[in-house]
Amino acid sequence: YSENDVVENYGYVYYKNSYLLTQLTAYPYIQLTVIAIFAFIAYLAFNYSRVAEQNRVWVGLAKETAHQLGTPLSSLMAWIEVIRDNPDVDRALVDELEKDVQKLRIVTERFSSIGSAPTLREENVALLINNVVNYLRPRVSSRIRIEVYILAENIRAMVHAPLFEWVIENLCKNAVDAMGNSGLIAIKILRGNEAKIFIDISDTGKGIPRSKINMVFNAGFTTKKRGWGLGLTLAKRIIESYHKGKIQVKSSEENQGTTFRISLNAV
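So, how was this worked out
Residues numbered from 1 in each chain as written. Predicted model: local features only at pLDDT ≥ 70, side-chain atom pairs only at ≥ 80, totals over all residues. Heavy atoms only, no water. Helix = DSSP H or I, 4+ residues; strand = E, 2+ residues; numbered from the N terminus. Buried < 20%, exposed > 50% of the residue type's maximum accessible area, 1.4 Å probe, protein only. Contact = heavy atoms within 4.5 Å. Areas by Shrake-Rupley, 256 points an atom, 1.4 Å probe, with all protein chains shown as cover. Core = buried A, V, L, I, M, F, W, Y, C linked by side-chain atoms within 4.5 Å. Pairing = 2+ DSSP bridges. Axes fitted to C-alpha atoms, helices over the stretch in contact; angles between N-to-C directions. Parallel < 35°, antiparallel > 145°, perpendicular 65-115°, else oblique. Left-handed = near helix turned anticlockwise from the far one by under 90°. Nonpolar A, V, L, I, M, F, W, Y, C, P; charged D, E, K, R; others polar. Polar contact = N/O pair within 3.5 Å; in protein donor to acceptor, adjacent residues only side chain to side chain. Phe/Tyr/Trp six-rings, centres within 6.5 Å; stacked < 30°, edge-to-face > 60°. Lys NZ or Arg CZ within 6 Å of the ring centre and 35° of its normal.

**A look at the overall build of the protein**
Looking only at helices and strands, one finds five helices and seven strands in the protein. Traced from its N-terminal end to its C-terminal end, the protein shows the element sequence α-α-β-α-β-β-α-β-β-α-β-β. Relative to its full complement of 267 residues, the protein shows a buried share of 30%. For the protein, the proportion of contacts with a sequence separation of at least 24, taken over those separated by at least 6, is 71%. When the accessible surface of the protein is summed, it comes to about 18,000 Å², and 56% of that surface belongs to carbon and sulfur atoms.

**Section: the nonpolar core**
Formed by 46 residues in total, the largest nonpolar core has its most connected members in Ile 129, Phe 164, Ile 168, Ile 185, Ile 187, Ile 199 and Ile 262. Those residues within four positions of Ile 199 in sequence are excluded, and the remaining contacts are Val 125, Ile 129, Phe 164, Ile 168, Ile 187, Lys 188, Ile 189, Phe 260, Arg 261, Ile 262 and Leu 264.

**With respect to the pairing of strand E6 (residues 246-253)**
As paired elements, E6 and strand E7 (residues 257-265) share seven bridges and run antiparallel to each other. By the bridge assignment, Glu 253 is partnered in E7 with Gly 257. Counting the residues between successive antiparallel strands, the hairpin from E6 to E7 contains three residues, one of them, Asn 255, with a positive phi of roughly 65 degrees.

**Focus on the packing of helix H3 (residues 125-136) against helix H4 (residues 161-179)**
Two elements in contact, H3 and H4, have axes separated by 10 Å at closest approach and are oriented at 50 degrees. Our classification of the angle between H3 and H4 gives oblique. As for the relative orientation of H3 and H4, their crossing is right-handed in sense. Residue-level inspection shows Val 125, Leu 128, Ile 129, Asn 131, Val 132 and Leu 136 of H3 in contact with H4, the latter providing Ala 161, Phe 164, Glu 165, Ile 168, Glu 169, Cys 172 and Lys 173. When grouped by side-chain class, the residues that make up the contact of H3 with H4 number nine nonpolar, one polar and three charged.

**Quick notes on the side chain of Thr 258**
Mapped onto the fold, Thr 258 is located in strand E7. For Thr 258, a relative accessible area of 5% puts it in the buried group. Within polar-contact distance, the side chain of Thr 258 engages the side chain of Ser 252 at 2.8 Å. When sequence neighbours within four positions are dropped, the list of residues in contact with Thr 258 reads Ile 201, Ser 202, Asp 203, Gly 207, Ile 208, Val 249, Ser 251 and Ser 252.

**Overview of the packing of aromatic side chains**
Inspection of the entire model under this criterion finds one aromatic pair. Between Phe 217 and Phe 260, the aromatic rings sit 6.2 Å apart at their centres with planes inclined by 85 degrees, giving edge-to-face as the arrangement. Taken together, the positions of Phe 217 in the loop between strand E5 (196-203) and helix H5 (231-242) and Phe 260 in strand E7 put the pair 43 residues apart, joining distant regions of the chain. Over the face of the ring belonging to Phe 217 we find Lys 236, whose NZ or CZ atom lies 5.2 Å from the ring centre.

**Focus: the pairing of E7**
Counting buried positions along E7 gives eight out of nine residues, so the element sits mostly inside the fold. Pairing analysis gives seven bridges linking E5 to E7, with the strands arranged antiparallel. Within the sheet, the bridge partner assigned to Ile 199 lies in E7 and is Ile 262.

Printed below as a string of structure tokens:
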């Protein structure tokens, strides 16, 4: 060929990773994701185990407390009968003493119920609440009024009476602590839509700071100098886990008061 006969030809070579090599490139990310998932599952299992162990400790403590209360409680009931036979003792005083002993019996039953699914029965909610209020009125300051407003007829629900009464009592006692020596506790019982019962417990106390409203049901949270901060935590468990209802802070303003709302399924 002569110089003029040279033909210039150009070619292109295309190259990319093979399908297998592409898969191997993504393999470390997939492996890390799988490891992260297993680590997360392991964390959940450990956390659940720790919570379950704590619950077993609390249940054991509660049942042991109930067992220990049994013997002195039986003795007190016997002594009341001895005192009742004494004509020189005021009958009204003996009746109040008997109410306190019956209250101890109910407390013992509550402790015994912790850790086991309670049996729910159809109850008159207004009657149960009035039982609690009638017990508390003579045992709080005379300058604290407790009023019950029943805003509907035939308010009934499936509840475990001793545990439900404990929730109402706990909320009322918290209200008394928030008000100090004087104030008003208003309990309103009404029926809502979709076969719901609402129980609003309001006080004229110091209220809850807005920043702490979401913390009131956390275990250990308390604004008191004394106490373990377990009352509202247990109340939430009783209402939501056992009664399939709901408890919440409906409203609260500092130096104005707080309203808690309990929602239950009506019968």
